[in-house]
2 protein chains.
Amino acid sequence: MPEGTDIFKEFKEHSVAEFFKKNKHMLGYSGKVRSLTTAVHELVTNSLDACEEVGILPDISVSLERLGDEHYRLTVKDNGPGIPPHIAPRVFGKLLAGTKFHRMIQTRGQQGIGAAGVTLFSQITTGKPVKIITSTGDGTVWEMEVMVDVTKNEPDVKSKRHYPGDFRGTEVIVELKEVEYNRGKYSVYEYLRRTALANPHVTIRFTEPDGKITTFERSTFEPVKIGIEAKPHPFGITTDDIFSLSRIAKSKTVARMITSHLHGIGSKAIISMLHILPRELNKPPQELTWEEAERIVMLFRLLRTMAEKKRDFDEKEGIEMLKKVLGKEIDEEKAKNLLNILKEVKIRGPSTDVLIPIGKERIKTSLKANLKPSFVSVVERKPKVYYGGIPFQVEVGIAVGGKIENFELMRFANRVPLLFDSGGCAITEAVKSIDWNRYGVDVFNAPVVIMVNISSTHIPYTTAGKQAIADVPEVYNEIRQALMEAGRKLKEYTSKVHSINELMQKKKILEHYLPFLSKGLATLTGKDEKVVESTLKSLLEERYKRLEELMKKLEVESA
Amino acid sequence: MPEGTDIFKEFKEHSVAEFFKKNKHMLGYSGKVRSLTTAVHELVTNSLDACEEVGILPDISVSLERLGDEHYRLTVKDNGPGIPPHIAPRVFGKLLAGTKFHRMIQTRGQQGIGAAGVTLFSQITTGKPVKIITSTGDGTVWEMEVMVDVTKNEPDVKSKRHYPGDFRGTEVIVELKEVEYNRGKYSVYEYLRRTALANPHVTIRFTEPDGKITTFERSTFEPVKIGIEAKPHPFGITTDDIFSLSRIAKSKTVARMITSHLHGIGSKAIISMLHILPRELNKPPQELTWEEAERIVMLFRLLRTMAEKKRDFDEKEGIEMLKKVLGKEIDEEKAKNLLNILKEVKIRGPSTDVLIPIGKERIKTSLKANLKPSFVSVVERKPKVYYGGIPFQVEVGIAVGGKIENFELMRFANRVPLLFDSGGCAITEAVKSIDWNRYGVDVFNAPVVIMVNISSTHIPYTTAGKQAIADVPEVYNEIRQALMEAGRKLKEYTSKVHSINELMQKKKILEHYLPFLSKGLATLTGKDEKVVESTLKSLLEERYKRLEELMKKLEVESA
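Bear in mind that the values here come from a model prediction, so they are computed numbers and not experimental data.

Before going further, it helps to examine the overall build of chain A. When helices and strands are counted, chain A shows 17 helices and 16 strands. Considering only C-alpha atoms, chain A reaches an extent of 110 × 80 × 65 Å along its principal axes. Here chain A, with 559 residues, has 57% of them falling under the buried criterion. Here the analysis covers contacts within chain A between residues at least 6 apart in sequence; of these, 72% occur between residues at least 24 apart. One way to put it: in chain A the 85 positive side-chain charges average out to a point 3 Å from where the 75 negative ones average out.

Residues other than glycine seldom take positive phi values, yet K466 of chain A does so here, at roughly 50°. Tracing the sequence through the fold places K466 of chain A in the loop between β16 (448–456) and α15 (473–525).

Here we take up the sheet that holds strand β10 (residues 213–216) of chain A. Residues and elements named next belong to chain A. Spatial strand order, β7-β6-β5-β8-β3-β2-β9-β10: eight strands in an open sheet with mixed pairing. The open sheet is flanked by β7 (154–164) and β10, the only strands paired with a single partner. Shown here is a sheet whose adjacent strand axes are inclined to one another by a mean of 15°, direction ignored. The pairing of strand β5 (residues 130–136) with strand β8 (residues 168–177) spans six bridges and is classified as antiparallel. Each residue of the ladder has a partner; that of I133, found in β8, is E171. Where helix α4 (residues 114–126) meets the sheet, it contacts β5, β6 (140–149) and β8, and its direction lies at approximately 35° from that of β8.

With that settled, the discussion passes to the sheet that holds strand β2 (residues 59–68) of chain B. All names here are of chain B. With mixed pairing, eight strands are arranged side by side in an open sheet as β7-β6-β5-β8-β3-β2-β9-β10. With partners counted over all chains shown, the strands left at the sheet margins are β7 (154–164) and β10 (213–216), one partner each. Averaged over all neighbouring strand pairs, the angle between strand axes comes to 15°, with direction disregarded. Against the sheet, helix α2 (residues 32–53) contacts β2, β3 (71–78) and β8 (168–177), and its axis sits at roughly 10° relative to β3. Of the strands in this sheet, β5 (130–136), β6 (140–149) and β8 are in contact with helix α4 (residues 114–126), which crosses β8 at around 35°.

Here we come to the relation of the copies chain B and chain A. Once chain B is rotated about the relating axis by 180° and shifted along it by 0.1 Å, it coincides with chain A to within an RMSD of 0.2 Å. The relationship between the two copies is best expressed as a two-fold rotation axis. Of the interface residues in chain B, 100% have counterparts in chain A that sit at the interface too, so the contact is made through matching surfaces.

What follows concerns the side chain of E395 of chain A. Residues and elements named next belong to chain A. Mapped onto the secondary structure, E395 falls in strand β13 (residues 390–400). Buried and without a salt bridge, E395 has R415 as its closest oppositely charged side chain, separated by 7.0 Å. In contact with E395, other than residues within four places in its own chain, are P357, I358, G359, K360, I363, V379, E380, M451, V452, N453 and S455.

Next up on the list: the side chain of K24 of chain A. With respect to the element layout, K24 of chain A can be found in the loop between α1 (16–22) and α2 (32–53). No salt bridge forms around the buried K24 of chain A; measuring N to O, its nearest opposite-charge neighbour E178 of chain A is 5.7 Å away. Here K24 of chain A is in contact with Y29, F121 and I124 of chain A together with Y387 of chain B, once residues within four sequence places are set aside.

A word on the environment of K403 of chain B. Residue and element names in this part refer to chain B. Within the element layout of this structure, K403 appears in the loop between β13 (390–400) and β14 (408–413). Here the alpha-carbon distance between K403 and V497, two residues 94 residues apart in the chain, equals 17 Å. Once residues within four sequence positions are removed from consideration, K403 is found in contact with L371, K372 and P373.

Moving on to helix α14 (residues 426–433) of chain A. Buried residues of α14 of chain A: A426, I427, T428, A430 and V431 of chain A, and no others. Where α14 of chain A is buried, its residues contact β14 (408–413), β16 and α15 of chain A.

Right, let's talk about the interface of chain B and chain A for a bit. Counting residues at the interface gives 70 residues for chain B, matched by 70 residues for chain A. For the chain B and chain A pair, buried surface summed over both sides reaches about 6700 Å², with 63% attributable to carbon and sulfur atoms. For the interface between chain B and chain A, the tally reads ten salt bridges. The salt bridge partner of K94 of chain B is E13 of chain A, with a shortest N-O separation of 3.7 Å. Listed by contribution, the elements that provide at least two residues to the side of chain B that touches chain A are β1 (12–13), α1 (16–22), α3 (88–93), β4 (97–98), α4, β8, α6 (239–248) and α10 (290–309) of chain B. When residues of the side of chain B that touches chain A are assigned to their parent elements, the largest contribution, five residues, is made by α1 of chain B. Looking at side-chain class alone, the side of chain B that touches chain A contains 26 nonpolar, 23 polar and 21 charged residues. Both strand β4 (residues 97–98) of chain A and β1 of chain B contribute to a ladder of two bridges, which runs antiparallel. If you follow G98 of chain A over to β1 of chain B, its bridge partner there is K12 of chain B.

Moving on, we come to the pattern of salt bridges. Going through the model one piece at a time under the given rule, you end up with 72 salt bridges over all chains. When the shortest N-O distance is used, the salt bridge between E280 of chain B and R295 of chain B registers 3.0 Å. Remark: R295 of chain B occurs in helix α10 and E280 of chain B occurs in helix α9 (residues 278–282); sequence separation between them is 15 residues. You can call E280 of chain B buried: its relative accessible area is 4%. Judged by relative accessible area, which is 22%, R295 of chain B ranks as partly exposed. Of the charged contacts, one joins E308 of chain B and R304 of chain B as a salt bridge, the two residues approaching to 2.9 Å between their closest N and O atoms. Taken together, the residues span about one helical turn, with E308 of chain B and R304 of chain B both in helix α10 at a distance of four residues. Among the charged side chains, a network of salt bridges with common partners joins R279, E280, K283, E292 and R295 of chain A.

Attention shifts here to the state of the cysteines. Applying the stated rule across the entire model yields zero disulfides over all chains. With no disulfide of its own, C425 of chain A lies 17 Å from the sulfur of C425 of chain B, the closest cysteine sulfur.

Okay, the domain arrangement of chain A next. Split by domain assignment, chain A resolves into domain 1 (6–216), domain 2 (234–343), domain 3 (352–484) and domain 4 (494–558). In this structure, domain 1 of chain A and domain 4 of chain A have C-alpha centres spaced 64 Å apart.

A full pass over the atoms with the stated rule returns 21 aromatic pairs over all chains. Centre to centre, the rings of F19 of chain B and F20 of chain B are 5.1 Å apart; their planes meet at 70°, and the pair counts as edge-to-face. No difference in accessibility class separates F19 of chain B from F20 of chain B, as the two residues are buried. Feature note: the residues Y181, Y189, F206 and F216 of chain B constitute an aromatic cluster, connected by ring pairs. The ring centre of Y387 of chain B lies 3.8 Å from the NZ or CZ of K24 of chain A, which sits over that ring. Directly above the aromatic system of Y189 of chain A lies the positively charged group of R183 of chain A, at a separation of 3.8 Å from the ring centroid.

All names here are of chain A. Alignment of β5 against β6, held across five bridges, turns out to be antiparallel. Residue pairing for β6: I132 is matched across the bridge by M144. Of the strand pairs in this sheet, β6 and β7 are connected by ten bridges, and their pairing is antiparallel. Paired with V148 across the bridge in β7 is P155.

Cut-offs and rules
Residues numbered from 1 in each chain as written. Chains lettered and ligands numbered in written order. Predicted model: local features only at pLDDT ≥ 70, side-chain atom pairs only at ≥ 80, totals over all residues. Heavy atoms only, no water. Helix = DSSP H or I, 4+ residues; strand = E, 2+ residues; numbered from the N terminus. Buried < 20%, exposed > 50% of the residue type's maximum accessible area, 1.4 Å probe, protein only. Contact = heavy atoms within 4.5 Å. Lys, Arg positive; Asp, Glu negative; His and termini not counted. Charge placed at Lys NZ, Arg CZ, Asp CG, Glu CD. Pairing = 2+ DSSP bridges. Axes fitted to C-alpha atoms, helices over the stretch in contact; angles between N-to-C directions. Least-squares fit on C-alpha atoms with pLDDT ≥ 70 in both. Salt bridge = Lys/Arg side-chain N within 4 Å of Asp/Glu carboxyl O. Buried area = accessible area lost by both parts, 1.4 Å probe. Nonpolar A, V, L, I, M, F, W, Y, C, P; charged D, E, K, R; others polar. Disulfide = S-S within 2.5 Å. Domains from an automatic or database assignment. Phe/Tyr/Trp six-rings, centres within 6.5 Å; stacked < 30°, edge-to-face > 60°. Lys NZ or Arg CZ within 6 Å of the ring centre and 35° of its normal.

This is how it looks when you write it as structure tokens:
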């Protein structure tokens, strides 16, 4: 008989730092080039977030020195608000700690893992701490060296000193081994280039190991307005969200809890809802049961269905849903009355204030300036909601022809370029799923750049390394919708190009036969051949004026 | 002036349970069908691991009941060793706790996340705890209900009772909402079918929601021998590994620490190494510095290069590496002497005892029984080592023709089928990277099944959801090597098929002209036409006996 209990003598708990140390590839640390790009990515996104949070136009400098074989020193310096000295050790020395996880606000970072992940990678390849020089601009500069105590997932401060200084911002200096720098597709250079492309308000100064300095200058001096903190949207809310909320909410009734903690529910809406679920909504939150919370969620689903289907709303389906909301059979007449009450409910869509898309015009300008294409089609969709009531918004830009040479897909999330893990990304899948021939271009074999940016208070990344979007149905479908909408605009363009090509073909043929025709006509009419030819030519030009007009029109559209 | 410190008033720490609750897709919970398959996957792999750890032939029963719209009850029961009652709450109620993370042993689970992840998903969709009925076979059965306290990442035991009973094993009952069952490509059914395919020693009984019972019976009664615990292999060890080890090792010298904690270093090897780094290896581990640990790792790299290149080993490169090991210039004569000493060092390859591949014969039998192909090519590579000294081994089976209809890639890791995230998996990338036409088949458009299994004490999964292999260079290259080796075997077959086809073509032509030829010959020789024809026919058969032989040979090879 096997001794069942023996195998559990090794039962242990381990820290999240140990987990990610052993699975550092989950943080993006795999491969020499990628690991370096990941470290830059984490520090630069933190700098950008910090600047934007306080409305500063970001000036970031990134510098790489080669110290030896696969051995570099990375310095990232910003003009941000600085980090208070009692906070900095945890930012860089503890995973799952930060300002962003608990708030429903659109920032690039969202997990509280990135900065400490850089420290972790540095210390396991070089044995050295990360050095932080920071000041909030109060005249005191703090300088400290921090490591992660892996077993405890706690910061291990190796040194800490302060001195007077007139500086505001943060400088992070970190040594990395087992990394390599080049200028390829997955490099720091490409990462920063794309960051500049999606963030025209940022100036980045990059010093390469050979001393070459590239400055990506800002093209707009308007700081990016920081998104306000979102409330979960009722259309994506889950039972667990409502139930968990009810356990901590201080509101007197569930109805009040809902109006103050969820997005877009006014007093008129809640009064209508009280007609449907008076008992549940009038009780104190602490007494709400799971089943009652489920009913409230079911009611929101019914309202969502009504809002989405509008006139196509099927009353029979509505009555069925209403039965589930009430948890019992209901008289048809009464049901119809209740549905009529609900028809009056207006729940506002996800607020545009909480999301910070790049913007249609900025995408257009950026694509034109950077790619010199012959046509650009840009789509900015309205904010939508996914599971958990989380708002998100999709933007798509398609640039065609001109100086573009090959197909390229540029993925962004909250304006951060995603260079890696393309194969496992919902954006890639969505692009592949479209039948592009319907829009007149076999994009994968044509000079086309497709740019997709997703903005959200919580991007559903596949991993903590944040390089690919997970297969969340609502997000995937919305990307597809955006691509098809951009595709339809593209179709108008490709159709016109097609017409022009046909006309030009015809004109060419006529031009080819013009001399023979002139000769014949001259003989027949006895007129001078040259005169006949020039008359015919101007007739031809007249006839094909439309061609020029069309071409001009195309240029205007793309302007 | 922006107030820098204000943005940090929200600085908070969050638990790993909160992190995964918010990012449940990272655990595999995204999509209705996938979420259900993920839950089954986690519970079944835990059952298989438990059985194999104590040498029990696993009998697993999986049962799904439909309770309502997108609402199911899942029961997984095993005949394993049972879970001690003081351990069970943490297995199901705390993430990053378990028996597997700290040990370097090949099990399906390796993170201590899976079981508690099921609890988490269940409670956020149904609000209910998971129910565990378990006994170690000591006459007492324990029944308990467990949830995860998300804020603390600690188990929250809702009920616990025990009663006498004659039973050994574990039964887990869990309710799930927002999931859907079907029999498709990503279903529980397909998952269990593939599990049976790669684990012929397991019997799985599956009850579908409609009551249909499928039993995947074991085809071998030999229990899978559990791998022994591995030691990290010096060829993949990192400085951090050596340095961290030195801080906890109780050995008197670094040399002894190395021989007792790393794999495959005998006393002869360490004596040779002592010639190179006497100071570093003779000191107490606690006094080893990071730089000294780096030198030891550099020495292992030199030894690895020598072992891999053998006669092609370049002495000049060796001297350069030696300089780095010693951290100083060295006289050429002396360097050559030291290299000669190192040439005698034998470090054993990764032990086959620690890895449990499916096995060449089992793969062959399994592919033939399940797919009825006309040819099978199987390759089992020797164990290799990746970053961190972690041993791994790749197996590849390619089945062609017969009853196979389309191309299919079947990915496995430690005999667990990987159904999802195919796009982001190193196995998929490796298969795509091969120029299959060189091996005579355009596999992606042919009736071909490629099966790849990776065995390791720590599979480098891309996410905690464990569905794709990360892009670790050593692993990716080794998969490619295995595929090409299998490809070469395939090439022999496809060449033969090609010859046979050519011969058959020729024979057909001759057979076609045989009657005319016979007629002519009969007229010429005055012999009876029928006699001539039968003589010619037997000559033809004689001539093309080779064809039959070849065909027989092919059948034998594939047998």
